Protein chains: 2
Amino acid sequence: MKNRIGNAIVGQSGGPTSAINATLSGVIRAAIENPCIEHIYGAINGIEGVLSENIVDLDVQFDRPETLQLLAHTPAATLGSCRKKLPPYSADDPTYHKLFRIFEKYNIRYFFYIGGNDSMDTVSKLSTYAAAQGYDISFIGVPKTIDNDVMGTDHTPGYGSAAKYIATTMQEILCDCAVYTVPAVTIVEIMGRDAGWLTAAAALPRKFCGVSPDYIYLPERPFDYIQFYADIEAALKKHPNVVIAVSEGLRRSDGHYIGESAQSGVTDVFGHAYLSGTGKTLEAAVKQQFGCKVRSIELNIMQRCAVHLASQTDISESIRVGEAAVRCAVEGGTAKMMAFKRISDEPYQVEITEIDIASAANHVKTVPDAFINENANDVTDACIDYILPLCIGELPLLYQNGLPVHFHIDKTPVSAERS
Amino acid sequence: MKNRIGNAIVGQSGGPTSAINATLSGVIRAAIENPCIEHIYGAINGIEGVLSENIVDLDVQFDRPETLQLLAHTPAATLGSCRKKLPPYSADDPTYHKLFRIFEKYNIRYFFYIGGNDSMDTVSKLSTYAAAQGYDISFIGVPKTIDNDVMGTDHTPGYGSAAKYIATTMQEILCDCAVYTVPAVTIVEIMGRDAGWLTAAAALPRKFCGVSPDYIYLPERPFDYIQFYADIEAALKKHPNVVIAVSEGLRRSDGHYIGESAQSGVTDVFGHAYLSGTGKTLEAAVKQQFGCKVRSIELNIMQRCAVHLASQTDISESIRVGEAAVRCAVEGGTAKMMAFKRISDEPYQVEITEIDIASAANHVKTVPDAFINENANDVTDACIDYILPLCIGELPLLYQNGLPVHFHIDKTPVSAERS
């Protein structure tokens, strides 16, 4: 393996998380320190920024460790994101031609893409094209998604912070709901189209705080209204304040989403059904069935952007995985996705590893059977033990004038700077 | 004035806040320390707990300062709450008879009620009855409401923490919304049926962080769809990510709530219209009008229970106002509501005072004209300067195993303990 001296470019793609900028900070820090990398560029709005040459110089903006720390504590994707799906690989596709011309123009030897399942697909396609066409560029994917549904890694950066937000907020909601004596059902809708990892985090307060939602319904099991009503009836007999956590992706046994009626037929660019209103749909159904007070709460995008509740474990790991991606690339790795391998539960220990990206892209990791109870209305202790270590620790956030301080990037393109 | 030695009872009423337990902790601490008070009791679920003799002994549970601090950092109302409205004063009403028999039974000389406008009405009625019937009991109201709509006080305990939650979350939502380039409108629905204080807090990140929602609509101004669409159109011409803060209590010029259709005709026990869906209603309207991506976010009850983001200023003041209520009562005060008087803005300074409760009960303090801009689609700098000091400072929360630690009360009634 020969060292290849050149430039690196990094982009962010897919939905924001509380940790995607932490990974970006790790990539930038490692790139700045690595002698094989002369410049580290940022692609604004992911692969779209490469295509439009909307590329910024990151070396200059991050010459101080404080700035990198501020970046790591800033929510969402500082470089902007996109949901662009590359066309299937084809030697004469103009999109690929253009992309690789721009890589040549900027002397790009290392390409880092921080994103979810769909972004790993982009990395996989680019590396396949590069190999076929003889380009000497390393393509490395770094997973991030609050959904935790990426194959080949124990968990994804961003999940631990979202889980901590959900668990903390659930604990506070449980306090709030306990104050009245009038029978009431509160339904908390949590993100997760195909996998129930986020919804499962609602169970965390049970282990050490002794409080928990009455039921937790994950999309891994078909949703049955009859069982659901029976569950609620049983809970209302025990106490007046019933709290339920549901995944936005709940489906009936016929495969139709519970929340589908509200947004029938609408899909996003990847063909995923656009969901809205699982909580609202169930709220109306329970109100109809029981005639009691019913409220639904959507944790909405706060789940993915509430850095003020980020997990220190998640943010630290997210930085480390970004740094490791740079090492992997400089050592000659390509078509790889960075991953976590859990070494032990107690004490919690992970090591960073890398896997072939093709084995991760376009697959969804769902919650395993061992983590879901027999009645399909709760998670098991094993599930809680898996999630909890990912939520440990609080960030030393910088607050000024009562609010957390965020980093704001200068998006002036390199081309404009040079002209 | 003669010192009256006897027992005290405290209750919580109305909607939970992040600070109502802080005030409770202040009342308990001051009562325990005051030689005129032999026992401090807690009424479970407010005035309903008195009527049903669901009364707990608080001296025993709070004999350590750490427990009081934990209580002050626990969301919602630890004693439970109620929404019971006392019947109008009448000398022969059986409810009043019963209440005062129980006060006598427990040798109650001091009654503290922590609540919002409706709770102040309860204190006002009880003190009127006591005066007319010759009972020597002090009735003191301590305001709490995230709504900040109580007359006679610069602000209410609980508002600063809710405002900090709203401002912090809005700042994170703004980060999240900024990542895509596709035109999109995000509508954030914030609590406040009649007053826009909470919605106004969405503007806070503007002053020091330089980010802000594009528009802020308060219930103090009639909502005009034509102006609303014109505002959005103008914003979409400037940037693709339009973010709007709206109050749940927005009304058209004919007085009907925007969100009314969803819950038509439903009212709570105080006759207030039950609102749901202002954000959802506007989401559908904007989607219809512009055809772009539209999302609505309800900050929901997290606004009132997110102690993990509580304001240190608010929590400290809430404790102090509880302590002051005890002093006021022991010094012979009755039919009073504790209040804050702002002495100066820079540096921010308040003093605690007391006002006649009749002047506060059943009135609503709305956002003044000087705090709303001419176009009725934003707040002024003066409004931000009023709110900001109330949000300063972060709580030194105790976290264990990744989650904040909350206090859990023992609700065994005094009568059961004695039997």
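Basis of the calculations
Residues numbered from 1 in each chain as written. Chains lettered and ligands numbered in written order. Predicted model: local features only at pLDDT ≥ 70, side-chain atom pairs only at ≥ 80, totals over all residues. Heavy atoms only, no water. Pairing = 2+ DSSP bridges. Helix = DSSP H or I, 4+ residues; strand = E, 2+ residues; numbered from the N terminus. Axes fitted to C-alpha atoms, helices over the stretch in contact; angles between N-to-C directions. Contact = heavy atoms within 4.5 Å. Expected span 1.5 Å × (residues − 1). Buried < 20%, exposed > 50% of the residue type's maximum accessible area, 1.4 Å probe, protein only. Arc of directions from axis to C-beta. Polar contact = N/O pair within 3.5 Å; in protein donor to acceptor, adjacent residues only side chain to side chain. Buried area = accessible area lost by both parts, 1.4 Å probe. Nonpolar A, V, L, I, M, F, W, Y, C, P; charged D, E, K, R; others polar. Domains from an automatic or database assignment. Salt bridge = Lys/Arg side-chain N within 4 Å of Asp/Glu carboxyl O. Left-handed = near helix turned anticlockwise from the far one by under 90°.

### Focus on the sheet that holds strand 5 (residues 138-143) of chain A
Hydrogen bonds between backbone atoms are what pair the strands of a sheet, whose relative direction is either parallel or antiparallel.
Residues and elements named next belong to chain A.
Okay, so step 1: An order of 3-2-1-4-5-10-11 is seen for the seven strands of this open sheet, with the pairing classed as mixed. With one partner strand each, in any of the chains shown, strand 3 (55-57) and strand 11 (349-356) form the two edges of the open sheet. Averaged over neighbouring strand pairs, the angle between their axes works out to 30° when direction is ignored.
Okay, so step 2: With two bridges connecting them, strand 5 and strand 10 (residues 336-344) associate as parallel partners. Paired with Gly141 across the two strands is Met337, which belongs to strand 10.
Okay, so step 3: The sheet contacts of helix 1 (residues 20-33) involve strand 1 (6-12), strand 2 (37-43), strand 4 (108-115) and strand 5, and relative to strand 1 the element is tilted by about 175°.
Okay, so step 4: Strands strand 4, strand 5 and strand 10 of the sheet are contacted by helix 6 (residues 117-133), whose axis makes an angle of about 170° with strand 5.

### Topic: helix 5 (residues 94-105) of chain A
Residues and elements named next belong to chain A.
Okay, so step 1: In this model, helix 5 (twelve residues) spans 16 Å end to end at C-alpha, consistent with the 16 Å of a helix rising 1.5 Å per residue.
Okay, so step 2: By the burial criterion, the buried members of helix 5 are Tyr96, Leu99, Phe100, Ile102 and Phe103. The buried side chains of helix 5 occupy one side of the element, clustering within an arc of 155° when seen end-on. Along helix 5, exposed side chains directed more than 90 degrees from the buried face belong to Pro94, Arg101, Glu104 and Lys105.
Okay, so step 3: On its buried side, helix 5 packs onto strand 1, helix 2 (47-51), strand 3, strand 4, helix 6 and strand 5.
Okay, so step 4: At the N-terminal boundary of helix 5, the capping side chain belongs to Asp93, with an oxygen 2.7 Å from the backbone nitrogen of Thr95.

### Thoughts on the interface of chain A and chain B
Okay, so step 1: Each side of the interface is counted separately: chain A has 65 residues, and chain B has 65 residues.
Okay, so step 2: Where chain A abuts chain B, roughly 5000 Å² becomes buried across the two surfaces, and 57% of that area is made up of carbon and sulfur atoms.
Okay, so step 3: On the chain A side of the contact with chain B, Glu172, Tyr180 and Leu403 of chain A bury the most area, a combined 13% of that side's loss.
Okay, so step 4: Linking chain A with chain B are 25 residue pairs in polar contact (both at pLDDT 80 or more), by the criterion used here.
Okay, so step 5: Within the residue set of the side of chain A that touches chain B, elements represented by two or more residues are helix 7 (159-177), helix 9 (205-209), helix 11 (278-290), strand 9 (293-298), helix 12 (302-305) and strand 13 (403-404) of chain A.
Okay, so step 6: Looking at the side of chain A that touches chain B, the element that brings in the most residues is helix 7 of chain A, giving eleven residues.
Okay, so step 7: For the side of chain A that touches chain B, the class distribution of residues is 33 nonpolar, 20 polar and twelve charged.

### Quick look at the domain arrangement of chain A
Residues and elements named next belong to chain A.
Okay, so step 1: For chain A, the domain assignment lists domain 1 (6-157 + 309-364 + 392-418) and domain 2 (160-305).
Okay, so step 2: For domain 1 versus domain 2, the distance between C-alpha centres works out to 32 Å.
Okay, so step 3: Every contact between the two is made by 23 residues of domain 1 and, on the other side, 18 residues of domain 2.
Okay, so step 4: Regarding the contact of domain 1 and domain 2, the summed buried area is about 1700 Å², with carbon and sulfur atoms giving 62% of it.
Okay, so step 5: When the area that domain 1 buries against domain 2 is broken down by residue, the three leading residues are Arg83, Ile146 and Leu309, summing to 36%.
Okay, so step 6: On inspection of domain 1 and its partner domain 2, the count reaches one salt bridge.
Okay, so step 7: With a shortest N-O distance of 2.7 Å, Glu394 and Lys164 are connected by a salt bridge.

### Re the packing of helix 10 (residues 225-238) of chain A against helix 11 of chain A
All names here are of chain A.
Okay, so step 1: Here helix 10 crosses helix 11 at 65°, and the two axes come no closer than 11 Å. In this structure, the crossing between helix 10 and helix 11 has a hand that is right-handed. Within the contact between the two elements, helix 10 uses Tyr225, Phe228, Tyr229, Ile232, Glu233 and Leu236 and helix 11 uses Thr281, Leu282, Ala285, Val286, Gln289 and Phe290.
Okay, so step 2: Among the residues forming the contact of helix 10 with helix 11, the class breakdown is nine nonpolar, two polar and one charged.

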